[in-house]
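# Notes for the structure review
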Amino acid sequence: MAAAARTLRIGLIPGDGIGREVIPAGRRLLESLPSSLNLKFSFVDLDAGFDTFKRTGTALPDKTVEVLKKECDGALFGAVSSPTTKVAGYSSPIVALRKKLDLYANVRPVKTTAGSSGEPIDLVIVRENTEDLYVKEERTHDTPEGKVAEAIKRISERASSRIATMAGEIALRRQKIRDAAPVSTRSKPMVTITHKSNVLSQTDGLFRETARKALAAERFASVVKEEQIVDSMVYKIFRQPEYYDVIVAPNLYGDILSDGAAALVGSLGLVPSANVTDGFAIGEPCHGSAPDIEGKGIANPIATLRSVALMLEFLGEEAAAAKIYTAVDANLDEGKLLSPDLGGKASTEEVLNDVLKRL
Ligand code: ATP
Ligand code: MG
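These numbers come from a predicted model, not from an experiment.

## Observations concerning unusual backbone geometry
At K136, a position not held by glycine, the phi torsion is positive, near 55 degrees. Residue position: K136 is located in the loop between β5 (122-128) and β6 (138-143). Since its relative accessible area comes to 65%, K136 is described here as exposed. Positive phi outside glycine occurs at A290, with the angle close to 45 degrees. Relative to the helices and strands, A290 is located in the loop between β12 (280-283) and α9 (302-314).

What follows is the structure, encoded as structure tokens:
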């Protein structure tokens, strides 16, 4: 008798702008996964974003948080527009969600396909997402010489340890996926710890020491460990991106490195991310709400499709994730049905259908 299918309940939060065009593509992808994977999905539509704020006075309704916490195994988040001038009472719902659900890791893979010029890039940045300078404890003093402002940079053993452990787990999982794909050239997983402990010996020093300790665990024996000071990391990630596998960093450096690395692959429309805590993940394309192309049906859905796969990886569904990555890469490699941001003429729908066909 066949094993019962696993059913995953997925929260769908389209948000604003092209979020409303790409999240439905993500849903269709999940619904179209081959039945041989033995996976089923149920969906719940949830509100968040600037339009929600304008309608209800809050960008992140309590109900959205409740349903995610109580009912969902994972979620997909589209994009929210950030008003250009400050609007009283409005703050980013994804930042609030990260806090409320303790989504302590932001994971951002950056990958080129076989068809691209140069050495293939296939790296992932694992950014700590709860502390560092982002605790937002700032003060301004008036002094005889004028104003002085200061900010707290908080680094804890607990947060550093769990993010490094996650980086190690991701490195092992990526190696497993690579070993199954004959095209891969990397033979060992690698984690690079990024820091600035030559200057910030206590805060970044603690991050570095703790990360080192966490990665010294027996189950990471096969993982090559490296350390890189963040400024030379920036240099090397642009000069030699193909060298890297998994990069783990405190919040601020991770933020900067992730956006910088996204520039290596051409379009924002290609880059996925996931906001992760133990046992739960929200897939989120890296792009914003893109008001300039909203409603035209030409948003590139690939960042979202890859975010769906990334979410599935964190829910333990590696085989399903691998199928999606392969289908997306095949679409890009063939290069016949590309959206306008990649120089093509295809609509969101046409790109999606081409990927679905390849599943
Ligand atoms: P927001 O304030 O929501 O971040 P934005 O104006 O900064 O909006 P982004 O979404 O960050 O817009 O996009 C920056 C540029 O990249 C825009 O020109 C946008 O059209 C383009 N872009 C972003 N995502 C995609 C996509 N999925 N497909 C095609 N083009 C995209
Ligand atoms: Mg933007």
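On we go from here.
## Considering the pairing of strand β10 (residues 246-249)
Residues of β10 alternate between two faces, with V246 and V248 on one and I247 and A249 on the opposite face, all of them buried. Alignment of β5 against β10, held across 4 bridges, turns out to be parallel. Considered in β10, the bridge of V124 is made with V246.

## Some words on the confidence of the model for the protein
Confidence in the prediction for the protein averages 94 pLDDT; 98% of positions are at 70 or higher. Reported confidences for the modelled complex are a pTM of 0.93 and an ipTM of 0.95.

## Description of the pattern of salt bridges
Within the structure shown, the criterion is met by 32 salt bridges. With its nearest N and O atoms 3.5 Å apart, the salt bridge here joins R98 to E284. Highlighted residues: R98 in helix α4 (residues 93-100) and E284 in the loop between β12 and α9, separated in sequence by 186 residues. E284 carries the same exposure label as R98, and that label is buried. Taking the shortest distance from any N to any O, the salt bridge between K196 and D231 comes out at 3.0 Å. Residue K196 is found in the loop between β8 (190-195) and α6 (203-215), and its partner D231 is found in helix α7 (residues 230-239); the two are separated by 35 residues along the sequence. Counted as one network, the salt bridges with shared partners bring together R20, D51, K54 and E294.

## Concerning the site of ligand 1
If you check the shell around ligand 1, you find 16 residues, and the closest are H287, G288, S289, D292 and N300. Between ligand 1 and V80 there is a distance of 3.5 Å, counted from an oxygen atom to a backbone nitrogen or oxygen. Measuring from a nitrogen atom of ligand 1, one finds a backbone N or O atom of N300 at 2.9 Å. Here ligand 1, which alone exposes 610 Å², has 68% of that area covered by the protein. Looking at the shell around ligand 1 residue by residue, the class counts come to 7 nonpolar, 7 polar and 2 charged.

## Quick notes on the packing of aromatic side chains
Counting across every chain of the model gives 5 aromatic pairs. Judged by centre distance (6.0 Å) and plane angle (15 degrees), the rings of F50 and F53 are stacked. Taken together, the residues span about one helical turn, with F50 and F53 both in helix α2 (residues 50-56) at a distance of 3 residues. Judged by relative accessible area, F50 falls into the buried class, the value being 14%. Ring geometry for F53 versus Y90: centroids 5.2 Å apart, planes at 70 degrees, classification edge-to-face. Residue F53 is located in helix α2, and its partner Y90 is located in the loop between β3 (74-79) and α4; the two are separated by 37 residues in the primary sequence. Judged by relative accessible area, which is 11%, Y90 ranks as buried. Among the aromatic residues, ring-to-ring pairing joins F50, F53 and Y90 into one connected group. Above the face of the Y134 ring, R127 is positioned so that its terminal group lies 5.4 Å from the ring centre. The lysine or arginine in question, K236, covers the ring of Y243, its NZ or CZ lying 4.9 Å from the ring centre.

Reading guide: rules and limits
- Numbering of residues begins from 1 in every chain and follows the order in which that chain's sequence is written.
- To label them, take the chains in the order written and letter them from A, then take the ligands in the order written and number them from 1.
- Predicted model: local features are reported for residues with pLDDT of at least 70 only, side-chain atom pairs are reported and counted for 80 or more only, and whole-chain, interface and lining totals are derived from all residues.
- Values shown for side chains rest on all heavy atoms present in the structure; no hydrogens or waters enter the calculation.
- Secondary structure follows DSSP: runs of H or I at least 4 residues long count as helices, runs of E at least 2 residues long count as strands, and numbering of each begins at the N terminus.
- For every residue, the accessible area obtained with a 1.4 Å probe (protein chains only) is divided by the maximum for its type, and the residue is called buried under 20%, exposed over 50%, and partly exposed between those limits.
- A pair of strands is labelled paired if DSSP reports no fewer than 2 bridges between them.
- Scored from 0 to 100, pLDDT reflects the predictor's confidence in each residue.
- What makes a salt bridge here is a side-chain nitrogen of Lys or Arg within 4 Å of a carboxyl oxygen of Asp or Glu, nothing more.
- Here a residue is near a molecule or strand as soon as one of its heavy atoms is found within 4 Å of it.
- The term polar contact refers here to a pair of N or O atoms within 3.5 Å; inside protein, the definition further demands a hydrogen-donor-capable atom paired with an acceptor-capable atom, and it admits residues adjacent in sequence only when both atoms are side-chain atoms.
- Methods summary: accessible areas were calculated by the Shrake-Rupley approach with a probe of 1.4 Å, and residue burial reflects only the protein chains presented.
- Any residue that is not Ala, Val, Leu, Ile, Met, Phe, Trp, Tyr, Cys, Pro, Asp, Glu, Lys or Arg is counted as polar, Gly included; the first ten are nonpolar and the last four charged.
- Ring pairs shown here join Phe, Tyr and Trp side chains whose ring centres sit within 6.5 Å, with only the six-membered ring taken for Trp; geometry is labelled stacked below 30 degrees between planes, edge-to-face above 60, and tilted in between.
- Note on criteria: charge over ring means Lys NZ or Arg CZ within 6 Å of the ring centre, with the direction from the centre no more than 35 degrees off the ring normal.

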